[in-house]
Amino acid sequence: MDSESVETFYSVESALSSSSIRSNFSIQSKASGRNSIREVNFGDLGSKPVRYGSHGAGSETYSISMSQREINDEDARLVHINDPVQTNERFEFSGNSIRTGKYSILTFLPRNLFEQFHRVAYIYFLVIAVLNQLPQLAVFGRGVSILPLAFVLLVTAVKDAYEDYRRHRSDRIENNRLASVLVNDQFQQKKWKKIEVGEIIKIYANETIPCDIVLLSTSDPTGVAYVQTINLDGESNLKTRYAKQETLIKIPEKDNLTGLIKCEKPNRNIYGFQANMEVDGKRLSLGPSNIILRGCELKNTAWAVGVAVYAGRETKVMLNSSGAPSKRSRLETHMNLEIIFLSLFLIALCTVVSVCAAVWLRRHRDELDYLPFYRRKNFSEDGEEENYNYSGWGLEICFTFLMSVIVFQIMIPISLYISMELVRVGQAYFMIRDTQMYDESSNSRFQCRALNINEDLGQIKYVFSDKTGTLTENKMEFQCASIWGVDYSGGKAISQDQKDGYFVKVDRKVLRPKMKVKTDPELLQLARNGKETEEGSHVHDFFLALAACNTIVPLIVDTDDPFVKLIGYQGESPDEQALVYAAASYGFMLIERTSGHIMIDIQGERQRFNVLGLHEFDSDRKRMSVILGFPDKSVKIFVKGADTSMFSVVDRSMNKNVIRTTEAHLYSYSSLGLRTLVIGMRDLSTSEFEEWHSAFEVASTALMGRASLLRKVASNIENNLCILGASGIEDKLQQGVPEAIESLRTAGIKVWVLTGDKQETAISIGYSSKLLTNKMTQIIINSRSKESCRKSLEDGIIMSKKLTTISGTTNYTGGTSGAGLTPVALIIDGTSLVYILDSELEESLFQLACNCSVVLCCRVAPLQKAGIVSLVKKRTADMTLAIGDGANDVSMIQMADVGVGISGQEGRQAVMASDFAMGQFRFLVPLLLVHGHWNYQRMGYMVLYNFYRNAVFVLVLFWYVLFTCFTLTTAITDWSSVLYSIVYTSLPTILVGILDKDLSRRSLLKYPQLYGAGQRQECYNKKLFWITMIDTFWQSAVTFFIPLLAYWSSTIDASSIGDLWTLAVVILVNLHLAMDVMRWNWLTHAAIWGSIIATFICVIVIDSLPFLVGYWAIFEIMKTGLFWLCLLAIIVAALIPRFVVKVLYQLYVPSDVQIAREIEKFQTQTESGAVEIEMNSILDTPRR
């Protein structure tokens, strides 16, 4: 290619490669692998059903469909550059003020009440309170009847008001930040909230972008700007954005910069942008790399100028600010069934009372004229006979029913809801403060982002895990390379100069890579020798490709030594960083990158290469390429990518042996668990380059189908490559992963790994993490058609059944326990899942998976991960948990019952979409086996206890009604009825729900099988509910009838015996709770005994007030010994049956938890070993 031709293209391409090429392929880079799932939520896709069996190209489809259509005026937003008045003349766009607060002073009360009354139980209690206001139905005092509901509403409203106050305070700080805005040809400080669409804004280094802006110019002469999107998606790596050449040369303060931008309407797609701009009569296309979004920070760039296109609530970050889908606890869902039953029981009680009242009224109809409560005769001297206090037989029955509902209302425990919220907050506090779930490397604590599903952590049966960054560290380390058919695995001893690492001297200062990489001595020597030999030439080209074919940004970092500087590499992919560090260690150090050129120090000699074209990675091509102009005026294209895509574009007629050997090396690397990439290159002739350039120019300026056209241009140039070699990068397992997986499997939890990596890599990681073992029989499904999938699944089902039958393991609904002699592992790839998911083959896959101990899915797309989770959720009642660290795991995390995000190297999208977040996979063990077990046991017991506590009280009232002519009068005072759930008995329940531990952390971790108690729902089920209700019935009868019989012949009044019943019930329910407390501490003692003392004080105070009914009653009855004897008899008689049953049950049918508790009591080795055998035998029994 002649020099004049190349030089002509250099000036053009230095600009083109910066803006157009990058702009149209950056969306594909983000869509591939890690962030494509974000795309399915945007635009028109929201209304369409999601097909999980797709090739994972949901984002691709979206971007293509967006680019294949012209932006018409109806669908477009017109922004006049530097003219906000004309921009907002036709349509007044949103201002830049943001508001994340839900309420204002005026709307708080109505809106908050409306939201709270979404709970049906609150409506029930409101109706009860309203009924009690009617004179005919007034049982309690009108103010007293409203108090419980008002208290619960007030507590929730105060919590919501405080949270909203914090949001408003944050909004106020955000809206009053200052930015430089062009006003009257001068940049002036302006508050963010006053910025308008169309205004030109200047951003300085390290400042935050106030709104979505299209980049016009930067301090870099080539128009490049580096931004950090950590506030947007959590990624700390720098991204590159570009200004168009046509606007780059203009100075806003001096040149009258005008133009028109026609862009798409505001949408949630943070990785896509479709627009065109008219400047000086030219029409330019704009893409994702030309826009900087609100919340990003400008880095390594002195300043940048842009025009506001989306402001305020219309910015992409604000449109994406909606939270993850709300999830409800499984226990709370089951609790609703019991509440329905209690409601029916309440109706039955009221019906009994009203029917009995009807019969009584019929029998005594002749006496109603003279009975004090019902009398109809007026005996005044001059008054006429009239009826009052009686509304007729029919209405009296209706009134009796409604009054019964009011009296027995606390059968539905309103305090349970607020108690559950407080307990969950307390549990979350202790989970967050757990030092065993603190990650020192990232300085991150456990995060509890969803308070309503704490107890679900104790019932998990399936764990779906990502691999990269979740099981592994996602800190890539270059391990080996295959160059021109020779394997360099670096197994030899490392010399001293290699330990020191590669460095270069610049202006008497030493510049060395920030991260050292282990080098192979032989390969290092070849790299130093340069192109003297053919072998050295291939090595030179290989490492040049690693240093150049990327989007890495080099950063100079100061050290304590002023003469030593470190060069660090920032990029969107950890793989790219590892490769560039490897190239630097072998003497190919990337020093500088602009949009038009790169500077590489090759063995101490700096060389400048012009970047003539850059096609970034996308999930269709699965490769990226760079076109370099060399100092000798030659042009070459370097390509790197996945082996499946690279071998399809390699010229196989050349160097067949090299290709065959490289393929063998790739298989070997994958078997070691290494991530692999293939490197290729070729020279471009003048005609090829000109053809590519013209095609690219047409594609980059196209207003329709731009993305697909650019992809086609890239595919046309990336062919007939000469293979250079392959790289092997190690993504090390996180600390404690093998032990964590082993503990989870021992606990009866099935671990499925869903990864986008190739099969050999995934299998190798499976072995190293102890997910796979040598004893397992592997069923591998790699099919390319639906019929082939069907046949593979049928064969797999037959084989798995044979193996499980031989090993003596029976397949239950929940699958095998994996404890047989021949466990089975299913390994399936994403292509096979394309034909299986969303088809009739799903059932076969589920049946096969249930027969397997382990399922490993390779090469799966983000939507397929969600499809796998959905497959299990739809076909089993077992709880599912998904854990991942990247944006490609978001759909899986949101689909599962419980979502856990890892705050790792791939940003914080997974964390932001999760219910819980932590720093390491191994923390899943204490989270589930310890906190999950505790939370489930505490919450299950607390719900049952609340049902029991309220039912005892209601049944005492019911027994009293039966002995008072069904008149619904109550011996227990109104205030005691109200304070019963709020003061007398609430605090002990909450403290036990937060602090009680049935087993120590040590035991729960030592015996993971104990986790099965939650999976089998041993702490909360229908059997326990009915046993509790029977016990409740007995205790209420004892509490009522012992005092009744004791005082039958006495002249005691109703208030006095009512006080006795009040104190008896409170003492009884607190002692009932005390019998079940496992771990006593001073707080528990204070709460339980303090509640009993508080009840005595409250009853004494209430009876000391002369204006209340029952004045001085407690003092009269407490004088007698019969009062104290009744209390003692009630407690003994009520609790003895429960105590006897509990002892017999623990002696003859002990549960796993009870056995482990005995082990804790007797810590000698002999006793511990003997009891452990007994526990394991119980655990091996079939489970639901």
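As named in an unreviewed UniProt entry, the protein is Phospholipid-transporting ATPase, taken from Hibiscus trionum. The record in UniProt for the protein states the following under Catalytic activity (unreviewed entry): "ATP + H2O + phospholipidSide 1 = ADP + phosphate + phospholipidSide 2." You can read under Cofactor (unreviewed entry) in the UniProt record for the protein the words "Mg(2+)".

**Student:** Lay out the environment of Leu 293 in plain terms, naming residues and giving numbers.
**Tutor:** With respect to the helices and strands, the residue Leu 293 is situated in the loop between strand E11 (291-292) and strand E12 (297-299). Assessed through its relative accessible area of 6%, Leu 293 is described here as buried. Note: C-alpha distance between Leu 293 and Thr 229 (64 residues apart in sequence) is 8.5 Å.

**Student:** An account of the packing of aromatic side chains is requested, with residue identities and associated values reported.
**Tutor:** Applying the stated rule across the entire model yields 38 aromatic pairs. Between Phe 953 and Tyr 980, the aromatic rings sit 4.3 Å apart at their centres with planes inclined by 20 degrees, giving stacked as the arrangement. Of this pair, Phe 953 sits in helix H28 (residues 924-962) while Tyr 980 sits in helix H29 (residues 974-984), and the two are 27 residues apart along the sequence. Both residues of the pair, Phe 953 and Tyr 980, count as buried. Residues Trp 1080 and Trp 1089 carry aromatic rings whose centres are separated by 6.2 Å and whose planes lie at 5 degrees to one another, so their mutual orientation is stacked. For Trp 1080, a relative accessible area of 35% corresponds to the partly exposed category. Feature note: the residues Phe 408, Phe 958, Trp 959, Tyr 960, Phe 963, Phe 1033, Phe 1040, Phe 1041 and Trp 1061 constitute an aromatic cluster, connected by ring pairs.

**Student:** So what's going on with the pairing of strand E15 (residues 460-465)? Residues and values would help.
**Tutor:** It is a general feature of regular strands that their side chains alternate between the two faces of the sheet. Burial analysis of E15 places six of its six residues in the buried class, the great majority of the element. Relative to strand E33 (residues 879-884), E15 runs parallel, the two being bridged by five bridges. Bridge assignment links Phe 464 to a residue of E33, and that residue is Ala 882. Note that E15 and strand E29 (residues 750-754) share four bridges and pair parallel. For Val 463, the partnering residue across the bridge sits in E29 and is Val 751.

**Student:** Can you break down the sheet that holds strand E14 (residues 447-448) residue by residue, with the values?
**Tutor:** The mixed open sheet is built from nine strands, whose spatial order is E14-E35-E34-E33-E15-E29-E32-E31-E30. The strands lining the two open edges of the sheet, one partner per strand, are E14 and strand E30 (777-781).

Conventions adopted
- Residues numbered from 1 in each chain as written.
- Predicted model: local features only at pLDDT ≥ 70, side-chain atom pairs only at ≥ 80, totals over all residues.
- Heavy atoms only, no water.
- UniProt positions renumbered as here; feature names shortened; annotations may be inferred.
- Helix = DSSP H or I, 4+ residues; strand = E, 2+ residues; numbered from the N terminus.
- Buried < 20%, exposed > 50% of the residue type's maximum accessible area, 1.4 Å probe, protein only.
- Phe/Tyr/Trp six-rings, centres within 6.5 Å; stacked < 30°, edge-to-face > 60°.
- Pairing = 2+ DSSP bridges.

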